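Coordinates in review
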Amino acid sequence: MNNERMDLIRNFSIIAHIDHGKSTLADRLIELTGTVQTRDMEEQILDSMDLERERGITIKSRSVRMQYPASDGKTYTLNLIDTPGHVDFIYEVSRSLAACEGAVLVVDASQGVEAQTLANVYLALDNDLEILPVINKVDLPGAMPERVKTEIEDQIGLDTEGCPEISAKTGLNVGDVLEQIVSIVPPPEGDTEAPLKALIFDSYYDNYKGAVSIVRVLDGQCAAGTRIRMMGSGKEFDVTEVGYFSPDLVACEKLQAGEVGYIVASIKNVADTRVGDTITDARRPTEEALPGYKTATPMVFCGIYPADRSEHSDLREALEKLQLNDASISFEPETSQALGSGYRCGFLGLLHMEIIQERLEREFDLDLVTTAPSVIYRIYLTDGTEIYLDNPTNLPPVTEIEVMEEPMVKATIITPETYTGTIMELCQQKRGVFLDMQYLDSGRVTIHYKLPLNEIVYDFFDALKSRSRGYASFDYELAGYEASDLVKLDILLNGDVCDALSIIVHRERAYARGRSIAEKLREAIPRQQFEIPIQAAIGGKIIARETVRAVRKDVLAKCYGGDITRKKKLLEKQKEGKKRMRQIGSVELPSEAFLAVLKMDN
Amino acid sequence: MNTALYIHIPFCRQKCSYCSFVSAPLDKRAPAVIAALKQEMCLYPKNTKIDTVFFGGGTPSVLENNALPQLLAAARERFILSENSEITAEANPESVTPALLAAWRAAGINRLSFGVQSANDENLRLLGRLHTFVEAKKAIRYAREAGFEHINADLIYNLPGQSTAAFEADLHALLALGIDHLSCYALSIEEGTPLAEMPLPIQDEDIAVEQWMSAGRICAQYGLHRYEVSNYAKPGAQCRHNLHYWHNDPYFGLGPAAHGARRANGCWLRTANVPDINAYLQAVFGEGTLSQSTQIGREEEQFESIMLETRTTEGLRLAAFEARYGVRFTERYKTAIDCACAQGLATLSNTHFALTERGLLLQNRVLLSFMD
């Protein structure tokens, strides 16, 4: 009986390189199975964040349950988990894959196998998933399905015999994908009679329901009324609701082994539904917890401060809520002389950082000031101690430093051959060390470079994209620490060091960086009633200087009867802008000034 | 307290390239607009004492010779115009004729304001003006011949690429005509105007300041003194109508897009008429909303007074402020006053809080501290 029900379940993910059409395929599957009425359908239906739709990327994994009447006459329950495609979110992908038995691998018929395709495939293989390759966008003029199939066979080693050639956009052959999911992806295994064992692979906070855990049930069952225990924390809760996504929440009687769904148990504290934890029945607990997930290691750090100091506690709350959705964010309080109280936050990568900043601003309506991203430096002090430093401000005096080391990465860049020269030039500029280069069959090249992480956290990805007209893809893995001649570059405004603008750079790059930051700041700082010197300095030595001239005229030329309202509005706007300024000594600094440090010329 | 009357004539022969005000080419709606303006007067309390009348635009001089006299007659019928009222009409040099000026003079208009804008024909073309400087001189001569004693000219400075020497030459050429009032504005390039689309050199703030300073100096040589940020007059020739605005006194605004301010049921009320001519006609003669009013709170009204009065070189009149609001200005705004004075942007006497020359140029900055 139980096995029969399980036999009709298929849990799968869609994995792909960014832009290869994951979300569009998910849309078609949802439409084809009638999960959402056509008239209610919108593009990227699983990407519910505005940010995802705008950027056309998936940030959060999302799941949906679909009913599919297959050609064998039986109706199957398909649980689809849509996953992010960008390298920064690979952690998110790995969590989702642990809840599946199979993965649909989408490959763009004109782009072929890309860096992220491979990375995702390896993840899927690590999780023992059955992989079903699908060639997408075969309707486009540049489509070369045969060549892409060969690539999949050669580079990934997957059999492409009978692999569906589809257009997720037009719906061409998408039915074949559903059929193959049923025939290739194995049904889940598990014992509905055994004690409850469910993996939390995601969670989020709902204002009405509290923390919602998204789970894959491995054994047993769970229903409203079940008293559950979080095996990691030992905390117990009474389940108030279970259900599945369709794609909105649909409550159901119970969740049982093999199924994917959500559990609500009026959990107030976000930390109590830790992703990776195992849920069991408190009255009849399972013996062993699931291994869970390796914690994601933040690689990029920056200070995040509320633009309005009074919003400090709002920022904390927002970070806590986001952390529930995304356990890979880390944050701890820090204080800057310039910016007051804020948080030093750690991210998986630059896109991740950018996305979190945007989500904080949009979803929580916060105005933020963000400092330049930093990496973690390893510093050996003369007294023999070793410290890790994620905030340039805290760099000990040079005299106390024996050696400074910076994290390195091994970067893999895949690009059409044409752009090899300009990309290598970029890597050299960023202090890269060339490792090797392989020619792929289709006029593309894989280039490996060893690069300091602190060079790529600024604008490397953007520069790469612009130099390759968007064609190059980029992936990196950490490659240990190396000693390096690093210095702290300070920025002085009107003679005072502004701690939030300090960065750590390689000595050779310090002059150029200092000049560039000073110039950018001169453009970003509005004229004030006095002249403001901007200086870049290493130690006590000034290496660049710019001046913001004093404002001399700030008055509306005309102001008569009709202009009064308009003039008041202008003043209110000016006042609003002033409120958002940071007082650094005697200088007022707009939030944008902090971005000046980020924007580098190439 | 007397009220000022502003009448907006929303027509021009052609819109200037820097203009962001409401105006349309003169068309057959003009008689209807004049009728509507008369009608609109009836919406305001009868027998209100009116001290100054200002026909602005647009270009009032594009209308038929008898248009303004008719409107003035209607105003005299509805309101009580004081004996020595100041009645100003704006005019563009290309559209004034001796006959028009004679008709205006006979109707009681006693002050003219010409949009001269520049003494340089090339700049006039850039600004989209339809006249040359020679025509402007001719118009001012006609005005004198028609018996107008009080003549203002508008002049624009800080034009793209304009040197201070070139501006000073403009100023001399204009002041030599013997006008008793000058409004001298920095060009501000507003979004959406044709000028904003042109690839022009960036206007330099320091040059603007230099030209503003030289305007003050050169005007003084001709006996005109700065009495407001952008206005200069011979003794006794200050524009009473505009001083009315700067003293935050009540005024009725008639016509499309016209603004007004008055006290109604104890509340300070700002009104703004619909900007669209058709919508305006519709509202006056048929159905529709003529104007939007906003109630201004006490604190905000006080701020308006500060914002407006500190534009004048005389400064904010402490006694008038206290009489109007029952609040002692020097106590209520002590911090802001001290701050402005300490920075050399303002001075405080027993009777006035006035901005210094540097303070006038940085008036916005001074005002910000009054907003706390």
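Summarised in this report is the structure supplied together with it. (Residues numbered from 1 in each chain as written. Chains lettered and ligands numbered in written order. Predicted model: local features only at pLDDT ≥ 70, side-chain atom pairs only at ≥ 80, totals over all residues. Heavy atoms only, no water.)

1. Points about the overall build of chain A
The helix and strand tally for chain A stands at 15 helices and 32 strands. Here chain A, with 602 residues, has 58% of them falling under the buried criterion. Within chain A, contacts between residues separated by at least 24 positions form 69% of all contacts whose residues are at least 6 apart in sequence. Of the roughly 24,700 Å² of accessible surface on chain A, 47% is carried by carbon and sulfur atoms. (Helix = DSSP H or I, 4+ residues; strand = E, 2+ residues; numbered from the N terminus. Buried < 20%, exposed > 50% of the residue type's maximum accessible area, 1.4 Å probe, protein only. Contact = heavy atoms within 4.5 Å. Areas by Shrake-Rupley, 256 points an atom, 1.4 Å probe, with all protein chains shown as cover.)

2. Observations regarding the overall build of chain B
Scanning chain B for helices and strands turns up 16 helices and 17 strands. Burial analysis of chain B (372 residues in total) assigns 55% to the buried set. Within chain B, residue pairs in contact and separated by at least 24 positions form 69% of the contacts whose partners lie at least 6 positions apart.

3. Here we look at helix 7 (residues 174-184) of chain A
In an α-helix, one turn spans 3.6 residues, which is why side chains three or four residues apart end up on the same side. The set of residues buried in helix 7 of chain A consists of V174, V177, L178, Q180, I181 and V182 of chain A. Buried residues along helix 7 of chain A sit against strand 1 (9-16), helix 2 (22-32), strand 2 (62-69), strand 3 (75-82), strand 4 (102-108) and strand 5 (130-136) of chain A.

4. What to know about helix 2 (residues 67-78) of chain B
With 12 residues, helix 2 of chain B should reach 16 Å at 1.5 Å per residue; the first-to-last C-alpha distance of 17 Å fits that figure. On the buried face of helix 2 of chain B, the contacting elements are strand 1 (3-9), helix 1 (30-41), strand 4 (49-57), strand 5 (80-91) and helix 3 (98-107) of chain B. (Expected span 1.5 Å × (residues − 1).)

5. Description of the environment of T412 of chain A
Residues and elements named next belong to chain A. Note that T412 resides in strand 22 (residues 401-416). Owing to a relative accessible area of 17%, T412 belongs among the buried residues under this scheme. Separated by 38 residues in the primary sequence, T412 and K450 place their C-alpha atoms 9.0 Å from one another. Apart from residues lying up to four places away in sequence, T412 is in contact with T446, I447, H448, S473, F474 and D475.

6. As for the interface of chain B and chain A
Taken together, the 40 residues of chain B in the interface contact 28 residues of chain A. In total, chain B and chain A occlude about 3,200 Å² of area from one another, counting both sides; carbon and sulfur atoms represent 53% of this. At the boundary of chain B and chain A, one finds seven salt bridges. In this structure, the salt-bridge partner of R552 of chain A is D206 of chain B, at a minimum N-O distance of 3.6 Å. At the boundary of chain B with chain A, the tally comes to 18 residue pairs in polar contact (both at pLDDT 80 or more). Broken down by secondary-structure element, the contributors of at least two residues to the side of chain B that touches chain A are strand 8 (181-186), helix 8 (205-221), helix 9 (240-246), helix 11 (298-309), helix 15 (357-361) and helix 16 (363-370) of chain B. (Buried area = accessible area lost by both parts, 1.4 Å probe. Salt bridge = Lys/Arg side-chain N within 4 Å of Asp/Glu carboxyl O. Polar contact = N/O pair within 3.5 Å; in protein donor to acceptor, adjacent residues only side chain to side chain.)

7. Side note on the side chain of D554 of chain A
By secondary structure assignment, the location of D554 of chain A is in the loop between strand 30 (541-548) and helix 14 (564-579). In this structure the side chain of D554 of chain A is engaged in a polar contact, spanning 2.8 Å, whose partner is the side chain of N364 of chain B.

8. Remarks on the packing of helix 14 of chain A against helix 16 of chain B
With their axes 10 Å apart at the nearest point, helix 14 of chain A and helix 16 of chain B run at an angle of 75 degrees to one another. Regarding the angle of helix 14 of chain A to helix 16 of chain B, the classification is roughly perpendicular. On the side of helix 14 of chain A, the interface is formed by K567, L571, Q574, K575 and K578 of chain A, while helix 16 of chain B contributes Q363, N364, R365, L367 and L368 of chain B. Looking at the contact of helix 14 of chain A with helix 16 of chain B residue by residue, the classes come out as three nonpolar, three polar and four charged. (Axes fitted to C-alpha atoms, helices over the stretch in contact; angles between N-to-C directions. Parallel < 35°, antiparallel > 145°, perpendicular 65-115°, else oblique. Nonpolar A, V, L, I, M, F, W, Y, C, P; charged D, E, K, R; others polar.)

9. Brief notes about the pairing of strand 24 (residues 444-452) of chain A
Residue and element names in this part refer to chain A. With eight of nine residues buried, strand 24 lies mostly within the body of the structure. As paired elements, strand 22 and strand 24 share nine bridges and run antiparallel to each other. Within strand 24, the position partnered with A411 by the bridge is Y449. Pairing of strand 23 (residues 433-439) with strand 24 involves six bridges; the strand directions are antiparallel. Bridge assignment links Y439 to a residue of strand 24, and that residue is V445. (Pairing = 2+ DSSP bridges.)

10. Notes on the sheet that holds strand 3 of chain A
Residue and element names in this part refer to chain A. Ordered in space as 2-3-1-4-5, the five strands form an open sheet in which the pairing is mixed. The open sheet has two edge strands, strand 2 and strand 5, and neither has a second partner. Between one strand axis and the next, the sheet turns by 25 degrees as a mean value, whatever way the strands run. In this sheet, strand 5 lies alongside strand 4 in parallel orientation, the contact comprising seven bridges.

11. Some points on the side chain of E90 of chain B
All names here are of chain B. Tracing the sequence through the fold places E90 in strand 5. At a separation of 2.9 Å, a polar atom in the side chain of E90 contacts the main-chain amide nitrogen of G57. Discounting residues that sit within four places of it in the chain, E90 has contacts with F54, F55, G56, G57, G58, P60, S61, W104 and S113.

12. Notes on the pattern of salt bridges
Residues and elements named next belong to chain A. Tallied over the full model, the rule gives 48 salt bridges over all chains. Note that E334 and R344 form a salt bridge whose closest N and O atoms lie 3.0 Å from each other. One end of the pair, E334, is in strand 17 (residues 330-336); the other, R344, is in strand 18 (residues 340-347), with 10 residues separating them in the sequence. Put simply, R227, R229, E236 and D238 are held in one network by salt bridges that share partners.

13. Considering the state of the cysteines
Residue and element names in this part refer to chain A. One pass over the structure, following the stated rule, counts zero disulfides over all chains. Cysteine C252 is unpaired, with the sulfur of C222 as its nearest cysteine sulfur at 9.7 Å. Residue classification places C252 among the partly exposed positions, given a relative accessible area of 23%. (Disulfide = S-S within 2.5 Å.)

14. Comments concerning a negative patch on the surface
Residue and element names in this part refer to chain A. There is a patch of like negative charges on the surface, built from E153, D154, D159 and E161. Positionally, D159 belongs in the loop between helix 6 (145-156) and helix 7. Residue class for D159 comes out exposed when judged on its relative accessible area of 58%. (Patch = residues over 30% accessible without salt bridge, like charges linked within 9 Å, V, L, I, M, F, W, Y side chains within 5 Å. Lys, Arg positive; Asp, Glu negative; His and termini not counted. Charge placed at Lys NZ, Arg CZ, Asp CG, Glu CD.)

15. Observations concerning the sheet that holds strand 17 (residues 352-355) of chain B
All names here are of chain B. Spatially, 15-17-16 is the arrangement adopted by the three strands of the open sheet, whose pairing is antiparallel. The outermost strands of the open sheet, each flanked by one partner alone, are strand 15 (316-317) and strand 16 (346-348). Sheet topology note: the strand 15/strand 17 ladder contains two bridges and is antiparallel. Each bridged residue has a counterpart across the sheet, and for R317 the counterpart in strand 17 is H352. In the packing of helix 14 (residues 334-342) onto the sheet, the strands contacted are strand 16 and strand 17, and the crossing angle to strand 16 comes to about 120 degrees.

16. Things to note about the packing of aromatic side chains
Applying the stated criterion across every chain, the model contains 21 aromatic pairs over all chains. When the ring of F79 of chain B is compared with that of F252 of chain B, the centres are 5.8 Å apart and the planes differ by 50 degrees; the resulting orientation is tilted. Pair noted here: F79 of chain B is in the loop between helix 2 and strand 5 and F252 of chain B is in strand 11 (residues 251-254), with a separation of 173 residues, a long-range link. No difference in accessibility class separates F79 of chain B from F252 of chain B, as the two residues are buried. When the centroid spacing of 5.4 Å and the interplanar angle of 50 degrees are considered together, the rings of Y333 of chain B and F370 of chain B count as tilted. Highlighted residues: Y333 of chain B in the loop between helix 13 (329-332) and helix 14 and F370 of chain B in helix 16, separated in sequence by 37 residues. Relative accessible area serves as the criterion here: at 5%, Y333 of chain B is assigned to the buried category. Through successive ring pairs, a cluster of aromatic residues spans Y560 of chain A together with Y185, Y227, Y245, W246 and Y251 of chain B. A cation over a ring is seen here: K558 of chain A above Y185 of chain B, with NZ or CZ 4.6 Å from the ring centre. (Phe/Tyr/Trp six-rings, centres within 6.5 Å; stacked < 30°, edge-to-face > 60°. Lys NZ or Arg CZ within 6 Å of the ring centre and 35° of its normal.)

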